[in-house]
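Chain residues, written in single-letter form:
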Amino acid sequence: MKVWIGFLLLVLGVSLEAQTSPAHNWHSPSEVVKKIKKNFSEINSYSADFLIKTEDNKKEKQMRGKCFYKRPGKIRYNFVEPEGDEIVSDGKTLHIFIKRLGAVGKQDLTLDRKNSSGPIFTTNSPDGLNRLFRKYHYKFDTIEQPRSMGDATKYFVLDLDQREKIGGFEKMKLYVDSESYLIKKAVATDGRGKVTTISFSNINFSEDIQDGVFNFHMSGNAKIVNNPLVSEN
């Protein structure tokens, strides 16, 4: 659970460290990433449909629903499959509700750890929730950039490789709309070969999203697990 939840947080905005790579078609990976970050920093809010697919040992699983984002760092994922699950953050606390378990993971996003430069997740920037995913090399996957992937949109496709193999996703592939610089799809592979894909559609930037959407209302019978993603220790 920890891994794909982190993946959801990743695609809300990418903060990556550049790897030297030649430019292709008047673009370079660094230029694309800069535009991704600039574009996201200017977004106040949006809603979108999401689809998550996992493949592990020839077994496939699918999750889907609707997500909401509002600056700074507020997110909500409402799942219709599995029905009732939620991921909600007001920018300071992240709640992960798994209905079938009757359990809530409550993650403090402002924890300070020893030998760190500040809170585990910075809450005052659009890409603050991506701190755990910043240590990746990245490059274009082929020389042909951008290119069509079978629809009307052309994409920049970035290959990411974890700098230090510390678990989680070792490799990722991002599909970036060449006009809007939105990440429309991301594919990640862990060290065991499990593949997770998340894609977004019906993105709406004009929906009026109230702050109350990002308040988590917990059932009185739910079990609470504090800091399941990152602890103070």
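What you are looking at is a predicted structure, and each value in this text was computed from that prediction instead of being measured.

Novice: What is the right way to look at the nonpolar core in this model?
Specialist: Across soluble globular proteins, nonpolar side chains show a tendency to be buried alongside one another. Counting residues in each nonpolar core, the largest one holds 39 residues, and the members touching the most others are V32, L158 and V176. When neighbours within four sequence positions are excluded, V176 is seen to be in contact with V32, I36, K154, Y155, F156, Y181, L182 and I183. Membership of the second largest hydrophobic core comes to five residues, among which are V88, V104, F216 and A222.

Novice: Would you explain the side chain of D190 in this entry?
Specialist: Among the structural elements, D190 can be located in strand β11 (residues 183-190). Judged by relative accessible area, D190 falls into the buried class, the value being 14%. Polar side-chain contacts of D190 include one of 3.0 Å to the backbone nitrogen of G193. A distance of 2.9 Å separates a polar atom in the side chain of D190 from the backbone nitrogen of K194.

Novice: Please clarify how the pattern of salt bridges should be interpreted in this entry.
Specialist: Working definition: two side chains of opposite charge can pair if their charged atoms are close together. What the rule picks out here adds up to 13 salt bridges. Between E207 and K66 there is a salt bridge, with the nearest N and O atoms lying 3.8 Å from each other. Linking E207 in the loop between β12 (195-204) and β13 (223-226) with K66 in strand β2 (residues 59-70), this pair joins segments that are 141 residues apart in sequence. Among the residues examined, K66 registers a relative accessible area of 32% and is labelled partly exposed. Here R192 and D190 are joined by a salt bridge, their closest N and O atoms 3.8 Å apart.

Novice: What exactly am I supposed to notice about the confidence of the model for the chain here?
Specialist: It should be kept in mind that the predicted coordinates are not to be read in detail where pLDDT is low. Here the chain averages 79 in pLDDT, while 77% of its residues score no lower than 70. Per-residue pLDDT, averaged within each element of the chain, yields its smallest value for helix α1 (residues 2-10) (55) and its largest for strand β3 (residues 74-81) (94). Predicted confidence for residues 12-23 stays below pLDDT 50, and this span has 38 contacts to residues more than four positions away or in other chains. Under a pLDDT of 50 for its full length, residues 115-129 has, in the predicted model, 40 contacts with residues more than four places off or in other chains.

Novice: Looking at this model, I keep getting lost on the pairing of strand β5 (residues 93-98). Mind explaining?
Specialist: Across a regular strand the side chains alternate sides, sitting on one face of the sheet and then on the other. Counting buried positions along β5 yields five of six residues, so the element is predominantly enclosed. Joining the antiparallel neighbours strand β4 (residues 83-89) and β5 is a turn of three residues, in which G91 adopts a positive phi near 100 degrees. As paired elements, β5 and strand β6 (residues 103-108) share six bridges and run antiparallel to each other. Opposite I96, over in β6, you have G105 as the bridge partner.

Novice: Sorry, what's going on with helix α2 (residues 29-41) here?
Specialist: An α-helix turns once per 3.6 residues; consequently, residues spaced three or four apart project the same way. With 13 residues, α2 should reach 18 Å at 1.5 Å per residue; the first-to-last C-alpha distance of 18 Å fits that figure. Within the span of α2, buried status applies to P29, V32, V33, I36 and F40. For α2, the angular spread of the buried residues around the axis is 95 degrees, confining them to a single face. Along α2, the residues that are exposed and aim more than 90 degrees away from the buried face are K34 and K38. Looking at the buried residues of α2, the elements they touch are β1 (45-56), β2, β7 (136-140), β9 (154-162), β10 (169-177) and β11.

Calculation criteria
- Residues numbered from 1 in each chain as written.
- Predicted model: local features only at pLDDT ≥ 70, side-chain atom pairs only at ≥ 80, totals over all residues.
- Heavy atoms only, no water.
- Core = buried A, V, L, I, M, F, W, Y, C linked by side-chain atoms within 4.5 Å.
- Buried < 20%, exposed > 50% of the residue type's maximum accessible area, 1.4 Å probe, protein only.
- Contact = heavy atoms within 4.5 Å.
- Helix = DSSP H or I, 4+ residues; strand = E, 2+ residues; numbered from the N terminus.
- Polar contact = N/O pair within 3.5 Å; in protein donor to acceptor, adjacent residues only side chain to side chain.
- Salt bridge = Lys/Arg side-chain N within 4 Å of Asp/Glu carboxyl O.
- pLDDT = per-residue confidence, 0-100.
- Pairing = 2+ DSSP bridges.
- Expected span 1.5 Å × (residues − 1).
- Arc of directions from axis to C-beta.

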